[in-house]
Amino acid sequence: MTSALDDPTLERHFKGHRDTITSVDFNCNMKQIATGSMDSCLMIWNLKPQMRAYRFVGHKDAVTSVQFSPSGHLVASASRDKTVRLWVPSVKGESTAFRAHTGTVRSVSFSGDGQTLVTASDDKTLKVWTVHRQKFLFSLNQHINWVRCAKFSPDGRLIVSASDDKSIKIWDKTSQECIHSFYEHGGCVNYVDFHPSGTCIAAACTDNTVKVWDIRTNKLLQHYQVHSGVVNGLSFHPSGNYLITASNDSTMKILDLLEGRLLYTLHGHQGPVTCVTFSRTGDYFASGGSDEQVRLGGFGSVTRSLSSRPTQTSRAPRARPPTVELTRTEPPPQTQTQREGMVPAGLASTLEHIVAQLDVLTQTVAILEQRLTLTEDKLKECIDNQHQINLQLHRREPDLQPRD
């Protein structure tokens, strides 16, 4: 199936780290990218070519996770040195260290309002902190192995965490209780995050799969087996319609969540791709790998296409089995006759919409048929029961007649 979207492209790459890139994030102002590395450094890359990158030194061991605050004025980093640091992304590179974990800190993430942080650690706990007072608030303790990742929901009420105990847990921030656990029996979960709608979560797994769950019904919505290696990271497009994944098989995949299928396979890294993220606007994505490179790709054509389809924005994934397509390649040159026989893009889009609506209608009819069958069976059962009762009453009538 062809698409009206242009292919994403890897446009630029940056090299300055001396070891595997572990984490990457965009500033909301689209002027900077932050990266963490096994070389113990945090780097801030300026997207203007003439501006140099900043290398921040402070951690005593590998930097495992970095994230810009929603305002872009701070960068948080987590490290194998058991600390979390808050940096000002300027020339001075000033930072403040948080200490409460007793093991490697694997993940750090801001809440949507930028007021709190959640961290995940090899000490099997999650910890929540205030940003401005820089104080530890509380721990969440139910995992029984290393916690790889923790993220706030878009509204900040929930926290999702993924652990080497093969579970994903959803926590209520206010009550500090675990309200549900998903168990990933095929492998451990390296990375997990919320869909922009807050209704779903996606997980990157060590069994080479990507899974999407609905946290309202606690049901598995989609299961993708498109990578041939461990999946290390993922990121939802701000529209909620796409998911990009990074894997040890040296590729990134872009999944169409509305259609439940693989849309693009992206190459460029030499070796495992360890992290990937979309920019806040969705126009770009950035990735890092074991080749010590940070790569920047353009996704603007998809964003422009989304703007012409507003009804699809921020929808949760449809619960239908995914189909897999091969890596997208350029079609061979077309003859004039072939071009004349092509369906216009507008008509193709309309037909796709009609097919999707027919899909929904078919599913609705199937559900109604199922319910009607159940109702008929129940009615038949009631009639049979009534018939049996009538027979029993008829047999007992002589016994009920008054005797002379």
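Since we're looking at a predicted model, the values are computed, not measured.

What counts and what doesn't
- Residues numbered from 1 in each chain as written.
- Predicted model: local features only at pLDDT ≥ 70, side-chain atom pairs only at ≥ 80, totals over all residues.
- Heavy atoms only, no water.
- UniProt positions renumbered as here; feature names shortened; annotations may be inferred.
- Helix = DSSP H or I, 4+ residues; strand = E, 2+ residues; numbered from the N terminus.
- Contact = heavy atoms within 4.5 Å.
- Buried < 20%, exposed > 50% of the residue type's maximum accessible area, 1.4 Å probe, protein only.
- Pairing = 2+ DSSP bridges.
- Phe/Tyr/Trp six-rings, centres within 6.5 Å; stacked < 30°, edge-to-face > 60°.
- Salt bridge = Lys/Arg side-chain N within 4 Å of Asp/Glu carboxyl O.
- pLDDT = per-residue confidence, 0-100.
- Axes fitted to C-alpha atoms, helices over the stretch in contact; angles between N-to-C directions.

Here we come to the UniProt feature "repeat: WD" (unreviewed entry) in the protein chain. According to UniProt, the feature "repeat: WD" (unreviewed entry) maps to residues 14-55, 56-87, 98-139, 140-181, 182-223, 224-265 and 266-296 in the numbering used here. Annotated as residues 266-296, this span is 0% helix and 55% strand, and its ends, taken at the C-alpha atoms, are 12 Å apart.

This brings us to the environment of Q270. Here Q270 is to be found in the loop between β25 (261-266) and β26 (273-278). As for Q270 and D291, which are separated by 21 residues in sequence, their C-alpha atoms are 5.7 Å apart. For Q270, the contacting residues outside a window of four places in its chain are S290 and D291.

Most of β26 sits out of view: six of its six residues are buried. Judged from the five bridges that link them, β26 and strand β27 (residues 284-289) form a sheet pairing that is antiparallel. Across the sheet, V276 pairs through a bridge with S287, a residue of β27.

Summed over the entire model, instances satisfying the criterion amount to nine aromatic pairs. Between Y54 and F56, the ring centres sit 6.3 Å apart and the planes meet at 15 degrees, which makes this aromatic pair stacked. You'll find Y54 and F56 in the same group, each marked buried. Ring geometry for F182 and W213: centres 5.3 Å apart, planes at 35 degrees, overall tilted. Taken together, the residues F182 in strand β17 (residues 177-183) and W213 in strand β20 (residues 210-214) connect sequence positions 31 residues apart. With respect to class, F182 is no different from W213; both count as buried.

This paragraph deals with the pattern of salt bridges. Within this structure, the stated rule accounts for seven salt bridges. Note that D25 is salt-bridged to R280, the shortest N-O span being 3.2 Å. Taken together, the residues span a long stretch of sequence, with D25 in strand β2 (residues 21-26) and R280 in the loop between β26 and β27 at a distance of 255 residues. Residue classification places D25 among the buried residues on the basis of a relative accessible area of 6%.

Let us now look at the confidence of the model for the protein chain. The share of residues in the protein chain with pLDDT of 70 or more is 77%, and the mean pLDDT across the chain is 83. Note that residues 302-313 has pLDDT below 50 and, in this model, 16 contacts with residues that lie over four places away or in other chains.

Here the focus is the sheet that holds strand β12 (residues 126-130). One open sheet holds the four strands; their spatial order is β10-β11-β12-β13, and the pairing between them is antiparallel. For this open sheet the edge positions go to β10 (105-110) and β13 (136-140), each flanked by a neighbour on one side alone. Pairwise comparison of adjacent strand axes, ignoring direction, gives a mean angle of 20 degrees for this sheet. With five bridges connecting them, β10 and strand β11 (residues 116-121) associate as antiparallel partners. Counterpart to V108 in the pairing with β11 is T119.

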